[in-house]
Number of protein chains: 2
Amino acid sequence: MPNTKAFAASDAKTPLAPFSFDRRAPGDYDVAIDIKFCGICHTDIHQARDEWGGSVYPMVPGHEIAGIVTSVGGKVTKFKPGQHVGVGCFVDSCRTCTECRKGLEQYCAVETVFTYNSKDKDGHNTYGGYSGKIVVDENYVLRIPENLPLDASAPLLCAGITLYSPLRHWGAGPGRKVAIIGLGGLGHMGVKLAHAMGAEVTVLSQSLKKLGDGKRLGADHFYATSDPETFTTLKGHFDLIVNTVPAANEWDRFVGLLATDGALVMVGVPDEPVAVNGFPLITKRRTIAGSMIGGIAETQEMLDFCGRHNIASDVEVIPMQQVNEAFERVLKGDVRYRFVIDCGTL
Amino acid sequence: MPNTKAFAASDAKTPLAPFSFDRRAPGDYDVAIDIKFCGICHTDIHQARDEWGGSVYPMVPGHEIAGIVTSVGGKVTKFKPGQHVGVGCFVDSCRTCTECRKGLEQYCAVETVFTYNSKDKDGHNTYGGYSGKIVVDENYVLRIPENLPLDASAPLLCAGITLYSPLRHWGAGPGRKVAIIGLGGLGHMGVKLAHAMGAEVTVLSQSLKKLGDGKRLGADHFYATSDPETFTTLKGHFDLIVNTVPAANEWDRFVGLLATDGALVMVGVPDEPVAVNGFPLITKRRTIAGSMIGGIAETQEMLDFCGRHNIASDVEVIPMQQVNEAFERVLKGDVRYRFVIDCGTL
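Values in this document were obtained by computation on a predicted structure and should not be read as measured data.

Rules behind the numbers
- Residues numbered from 1 in each chain as written.
- Chains lettered and ligands numbered in written order.
- Predicted model: local features only at pLDDT ≥ 70, side-chain atom pairs only at ≥ 80, totals over all residues.
- Heavy atoms only, no water.
- Helix = DSSP H or I, 4+ residues; strand = E, 2+ residues; numbered from the N terminus.
- Rg over C-alpha atoms; globule rule 2.2 N^0.38 Å.
- Buried < 20%, exposed > 50% of the residue type's maximum accessible area, 1.4 Å probe, protein only.
- Contact = heavy atoms within 4.5 Å.
- Areas by Shrake-Rupley, 256 points an atom, 1.4 Å probe, with all protein chains shown as cover.
- Lys, Arg positive; Asp, Glu negative; His and termini not counted.
- Charge placed at Lys NZ, Arg CZ, Asp CG, Glu CD.
- Core = buried A, V, L, I, M, F, W, Y, C linked by side-chain atoms within 4.5 Å.
- Domains from an automatic or database assignment.
- Buried area = accessible area lost by both parts, 1.4 Å probe.
- Salt bridge = Lys/Arg side-chain N within 4 Å of Asp/Glu carboxyl O.
- Polar contact = N/O pair within 3.5 Å; in protein donor to acceptor, adjacent residues only side chain to side chain.
- Axes fitted to C-alpha atoms, helices over the stretch in contact; angles between N-to-C directions.
- Parallel < 35°, antiparallel > 145°, perpendicular 65-115°, else oblique.
- Nonpolar A, V, L, I, M, F, W, Y, C, P; charged D, E, K, R; others polar.
- Least-squares fit on C-alpha atoms with pLDDT ≥ 70 in both.

### Some points on the overall build of chain A
Check the secondary structure of chain A and you find 11 helices and 18 strands. Its C-alpha atoms give chain A a radius of gyration of 20 Å, near enough to 20 Å, the size a compact globule of 346 residues would have. Considering only C-alpha atoms, chain A reaches an extent of 60 × 40 × 35 Å along its principal axes. Per-residue burial over chain A gives 59% buried out of 346 residues. Residue pairs at least 24 apart in sequence account for 66% of intrachain contacts in chain A once pairs closer than 6 positions are excluded. If you sum the accessible surface of chain A, you get close to 13,200 Å²; carbon and sulfur atoms cover 51% of it. Each charge sign in chain A was given a centre, from 34 positive and 39 negative side chains, and these centres are 4 Å apart.

### Thoughts on the nonpolar core
Of all hydrophobic cores here, the largest spans 228 residues; its most connected members are I40(A), Y130(A), L167(A), L264(A), I40(B), Y130(B) and L264(B). Setting aside anything within four residues of it in sequence, one finds I40(A) in contact with E64(A), Y130(A), I318(A), V323(A), A326(A), F327(A), V330(A), R338(A), F339(A) and I341(A).

### Some points on the domain arrangement of chain A
All names here are of chain A. As assigned here, chain A comprises domain 1 (3-158 + 294-345) and domain 2 (161-290). Using only C-alpha atoms to locate each centre, domain 1 and domain 2 end up separated by 27 Å. Contact with domain 1, which involves 18 residues of that partner, is made by 19 residues of domain 2. Here domain 1 packs against domain 2, burying approximately 1,700 Å² in sum over the two surfaces, 56% of which is carbon and sulfur. Counting across the domain 1 and domain 2 interface gives four salt bridges. E301 is the partner of R168 in a salt bridge, and the nearest nitrogen-oxygen pair spans 3.4 Å. At the junction of domain 1 and domain 2, the tally comes to 12 residue pairs in polar contact (both at pLDDT 80 or more).

### Description of the packing of helix α5 (residues 185-197) of chain B against helix α10 (residues 296-309) of chain B
Residues and elements named next belong to chain B. Where α5 meets α10, the axes come as close as 11 Å, and the angle between the chain directions of the two elements is 75°. By the angle between their directions, the pair α5 and α10 is classed as roughly perpendicular. Every residue of α10 that contacts α5 at L193, A196 and M197 is listed here: F305, C306 and H309. The residue inventory of the contact of α5 with α10, partitioned by class, reads five nonpolar, one polar and no charged.

### With respect to the side chain of T202(A)
Residues and elements named next belong to chain A. Looking at where T202 falls in the secondary structure, it is placed in strand β11 (residues 200-205). Note on T202: relative accessible area 2%, which makes it buried. Leave out the neighbours within four places in its chain, and T202 touches V178, A179, I180, H221, Y223 and F238.

### Concerning the relation of the copies chain B and chain A
Here two copies of a chain appear, and what relates them is a rotation about an axis with a shift along it. Screw-axis analysis of chain B against chain A gives a translation of 0.0 Å along the axis, an RMSD of 0.0 Å, and a rotation angle of 180°. In symmetry terms, the pair is related by a two-fold rotation axis. Among all C-alpha atoms of chain B, that of A275(B) lies closest to the rotation axis, at 2.1 Å. Take the interface residues of chain B: 100% of them recur as interface residues in chain A, which is what a same-surface contact looks like.

Following this line, the structure appears as structure tokens:
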């Protein structure tokens, strides 16, 4: 049973603090990984603080894991020691339902085993990537292209796939007009990916503060949603709008920016229901939809795509000891664009 | 200028009454049609009574038109006298925008010229099918298969295509579970069409009152939405739900009945905004969408499909003089399943 250091939340109110625990002994199909880096996702904060309910403590957050294989079980065929690998938001699923068979394990009809704050099939709580080691079934481990820096690759495992999947599913590519609402950890990945896919990319940000960054990341256009003019100029313009901002909950305004057959896709949602007017949906066959991360095969496809296009996240690497301060800065939007914990500092 | 008898609304408050007017002199590309039958759509009532605003009087409603060609212009190639033809919700569009070029004239980016209560390209108000004759550009005239009864075919031009288009667009067919909310003029066509496409069809009706009819029309299953049990039994069940009932505005409850990648598609919408919870959209990549009638090519495809499958509407044929009484009965849901006016009674 490999023991590992970690940082854990002991309850909803206390800052994360040093913790240690045993990972399971690697089985025949397991990959043992030294975690080098782990991204900080807003979800980590929601769950550490029990803002969605049902949190189980102690909790070791972290589902943007990048590391190096240290050993593999006797029946593992896909990985070998020394490889750069990633682990994303989930580490298992039922493997037999319609969704799992389609490679949509994130929507598993039985139960997706999330990387932390979830129950593994053996009944134990799962612990995430704010730790030094992890043991994961080879079918839920991803290859990280060797040309990508490992620290900046960590956020691809959640932020990257969260944007890649809807962009692919709703056909971002040449000749398609794509908007990304919000230029944060998720949004900045959306801009890079949509641009690399060949779409015409527009950032819809609250202000023009990040305009320079947006253009540098690959945006063709940049508009402020605080300017009412934006909503007349861009009326009926987009084939796809991906909304990364839960607070951007005036969905009707964004629906108005969709062309015929356009889709407004949420990857972050407000806690409260949103009032939606049906008429603008009908008159242009528009859709409102949601999307959650991506399946294993699609996540691998995304990583390979990023390798080919030399895409990773813009990151600020911090030692584990600064995780609580980083949480506060995430809440203030004070990060360009993702915190990544150097797990070697544990 | 062919003169024609009609029934018209002279304002929002007065019952429809006899009226006569001149149709335009048929041009080179026009088809002159003797209207034999015209269906009564709920939209006719909304517009005759100015419930959506902007109504122009006198108004001759009617966009479910079935008739026989009497003459054609010198350059008409698609039609000849004696043919059974139909005219639906629109009689022209810009013909050059992206939507028109894709055969989505109903979503024309410039202006769809609706069959009544609209402005034709020559600047005149359009008058609909509660009349004896109509003159329409051949590109906006549909062939009605000769094996279908003309009276029961009239409602295909709106009710039929309104259901056919979303069923096709969202892939109703073998192996797909489709629900139709509401068994009225629209819904009963949805059941017939989805059944003929090979889908497994469920009716979601307020009560079980129409269960026998539903089964006869082709439904495999029938559930009452007034029974809360329905929403637990059918949780996560459907690939597609088409909502024909504006009053069925608890969209969240219906979203809960969708499987992964399922779509809830509105073809009728409530006047008021609807509160929508984003979370169930995200966790199963579900969509909420709208759909409005169908394009010309798709309407022809629908009519040909109906011809092959011997599908028409269940109708109650009435003389024009009973149109006001029929309006009242439509509002009470007292029709099985569509009123069709015999325009020969004018």
